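Each chain, letter by letter, is given below.
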Amino acid sequence: MRITLLTVPDCPHAPLARERIDQALDGRAAVVDVVEVSDEAQAALLGMAGSPTVLIDGVDHFAVPGGAAASISCRLYRARDGRAEGSPSVADLRRVLDMAEADDGCDCLPLDAAGRSGRGRLAPVAGGLRAAQQAVLRSFACTGRAPEAADLEQVSCDSGREPGEVLAELAAEDFLTLDAQGRVQAAYPFSVSPTAHRVRLAEGPEVWAMCAIDALGIPDMLNTDAVITSTDPVTGEAVTVTSTGGQVAWQPATAVVYVGQRSCTGPAADVACGALNFFTSRRAAGAWAEQHPDYTGITIDQARAEALGRSIFGALLEPADGSVPQQTEAHEPNQGSE
């Protein structure tokens, strides 16, 4: 991995950005270059959108949607508490490093369905989609259950739409799945029905994850400790992943994750989730792959599986405006708006 810090000479924020990059790397192997840019032409050539700009393998993961003009002016970044800072936060840098690490050298085919072919699992703000998606996710996190359409009246009303209409659009774009009556059956990473992947939240209910990668993304998405329990579909042995304070421990130590998908198109629930499993060893994962030739995939190690889960699900509850996420309190469905 190569990280390039583009900065104008004597930029007051460059030392902070360099320090935070080191903290986010936390021992990861990477080459870090600091490049001073003196004029607009050089900024355009290098992809600099203000000082400092952080490129990871040549990509500006903090770029404004729609693109920003090349510039040598001061660049500010919105922190999660709404403050403007002269550098991305350590948490945000770590998140984009996880994304880059998960994609590094990977055969992208098995990851397409899980990550919506590179479009990500965070719904657009327009049309009230993100507000509804996040309301659904918070319901699972607080109660262990999906909300009813009536529970989404307020967030849908704010966008001038009906709950059913918003849910249908979210389902069409594969942010969640619905049953024949239009009720939420899954909202990645959560499932209404029991699956092979159970997640016990430290301060919340027990929930079911759609797949192994979804389960691994839940602790980071909710910023909570959690214990994931699953079963190797070949050996029948238990696989346990414990996340405590951001540190993750796997049992057994040889456990891996197989990441695959069918060649057909469709929602991830149908195309990929059946092939995103925990295994006690690479041998067990290989045996499963041989038994399921309808799936194409790869076996990945623990670090890469954790990074993939974080990169897909870690930001799903971040506010669209960069403000502090509101504290989600447990509540029972159909109690009306507060």
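Along every chain, residues carry numbers that run from 1 in the direction the sequence is written. Totals for whole chains, interfaces and linings use every residue, but because this is a predicted model, local features are given only for residues with pLDDT of at least 70 and side-chain atom pairs only at 80 or more, for both listing and counting. With hydrogens and water stripped out, all remaining heavy atoms of the structure feed into the side-chain values.

(A) Spotlight on the overall build of the protein chain. The numbering of helices and of strands both runs from the N terminus, where a helix is a DSSP run of H or I of at least 4 residues and a strand a run of E of at least 2. Helix and strand counts for the protein chain stand at 10 helices and 18 strands. Buried means the residue's accessible area, taken with a 1.4 Å probe over protein chains only, is under 20% of the maximum for its type, while exposed means over 50%, and partly exposed covers the values in between. For the protein chain, the proportion of its 338 residues judged to be buried stands at 44%. Residue contacts are defined here by distance: any two heavy atoms, one from each residue, within 4.5 Å place the two residues in contact. Taking as baseline every contact in the protein chain between residues at least 6 positions apart, the subset at least 24 positions apart corresponds to 63%. Only carbon and sulfur atoms are counted for the fraction: they give 49% of the accessible area of the protein chain, which is about 16,000 Å². To measure how exposed things are, a 1.4 Å probe is used in the Shrake-Rupley method; for residues, cover is taken only from the protein chains shown.

(B) Summary view of the side chain of Asp-179. By the secondary structure assignment, Asp-179 is in the loop between β8 (177–178) and β9 (184–187). Of the residues examined, Asp-179 reaches a relative accessible area of 19% and is grouped as buried. Any pair of nitrogen or oxygen atoms within 3.5 Å is treated as a polar contact; in protein, a donor-acceptor pairing is required on top of that, and neighbouring residues in sequence qualify only through side-chain atoms on both sides. Within the structure, Asp-179 has its side chain in polar contact with the side chain of Gln-185 (distance 3.5 Å).

(C) Broad picture of helix α4 (residues 129–143). For a helix, the expected span equals 1.5 Å multiplied by the number of residues minus one. The end-to-end C-alpha distance of α4 is 21 Å, a good match for the 21 Å that 15 residues give at a rise of 1.5 Å each. Those residues of α4 that sit buried are Leu-129, Arg-130, Ala-132, Gln-133, Gln-134, Val-136, Leu-137, Ser-139, Phe-140, Ala-141, Cys-142 and Thr-143. Gly-144 sits one or two residues past α4 and shows a positive phi near 80 degrees.

(D) Spotlight on the side chain of Ser-71. Looking at the secondary structure, you find Ser-71 in strand β5 (residues 71–74). The exposure class of Ser-71 is buried, given its relative accessible area of 14%. Within the structure, the side chain of Ser-71 is placed 2.6 Å from the side chain of Ser-73, a separation counted as a polar contact.

(E) Examining the sheet that holds strand β17 (residues 276–279) more closely. DSSP calls a pair of strands paired once it identifies at least 2 bridges connecting them. Spatially, β17-β16-β18 is the arrangement adopted by the three strands of the open sheet, whose pairing is antiparallel. The open sheet has two free edges, formed respectively by β17 and β18 (295–300), since each of these has just one partner strand. Each adjacent strand pair in this sheet contributes to an overall mean axis angle of 25 degrees, direction not counted. The pairing of strand β16 (residues 256–262) with β17 spans four bridges and is antiparallel. Bridge assignment links Val-259 to a residue of β17, and that residue is Leu-276. Helix axes use the C-alpha atoms of the stretch in contact, all axes being lines fitted to C-alpha atoms, and the angles between their N-to-C directions lie in the range 0 to 180 degrees. Where helix α7 (residues 212–222) meets the sheet, its contacts fall on β16, β17 and β18, and the angle it forms with β17 comes to roughly 85 degrees. Helix α10 (residues 302–313) contacts β16 and β18 of the sheet and is inclined by roughly 115 degrees relative to β18.

(F) Structural context of the nonpolar core. Counting 50 residues, the largest nonpolar core has Leu-170, Val-199, Ile-213, Leu-216, Val-257 and Phe-278 as the members making the most contacts within it. For this core, the element with the most residues is α7, which contributes six residues. Non-local contacts of Leu-170, meaning those with residues more than four positions away in its chain, are made with Ala-123, Leu-129, Ala-132, Gln-133, Phe-175 and Leu-176. Ranked by size, the runner-up nonpolar core spans 15 residues in total, among them Val-54, Val-90, Leu-93 and Leu-97. The definition of a nonpolar core used throughout is a set of buried Ala, Val, Leu, Ile, Met, Phe, Trp, Tyr and Cys residues joined through side-chain atoms within 4.5 Å.

(G) Just the sheet that holds strand β14 (residues 238–244), in detail. Taken in spatial order, the eight strands of this open sheet run β8-β9-β10-β12-β11-β13-β14-β15, and their pairing is antiparallel. Bordering the open sheet on either side are β8 and β15 (247–251), each of which pairs with just one other strand. Both β9 and strand β10 (residues 190–191) contribute to a ladder of two bridges, which runs antiparallel. The residue of β10 that forms the bridge with Ala-187 is Phe-190. Running at roughly 90 degrees to β9, α4 makes contact with β9, β10, β11 (197–201) and β12 (206–209) of the sheet. α7 contacts β10, β11, β12, β13 (226–231), β14 and β15 of the sheet and is inclined by roughly 15 degrees relative to β11.

(H) Focus on the packing of aromatic side chains. Pairing of aromatic rings covers Phe, Tyr and Trp, the last counted by its six-membered ring, and requires centre-to-centre distances within 6.5 Å; plane angles under 30 degrees mean stacked, over 60 mean edge-to-face, and any other angle means tilted. Summed over all chains, the structure comprises six aromatic pairs. Where Trp-250 meets Phe-278, the ring centres are 5.7 Å apart and the plane angle is 65 degrees; that geometry is what we call edge-to-face. Taken together, the positions of Trp-250 in strand β15 and Phe-278 in strand β17 put the pair 28 residues apart, joining distant regions of the chain. Consider the rings of Trp-288 and Tyr-295, whose centres lie 5.6 Å apart with planes at 35 degrees: the pair is tilted. Of the two residues, Trp-288 and Tyr-295, both sit in the buried class. Each member of the aromatic cluster is reached from another via a ring pair, and the members are Tyr-258, Phe-279, Trp-288 and Tyr-295.

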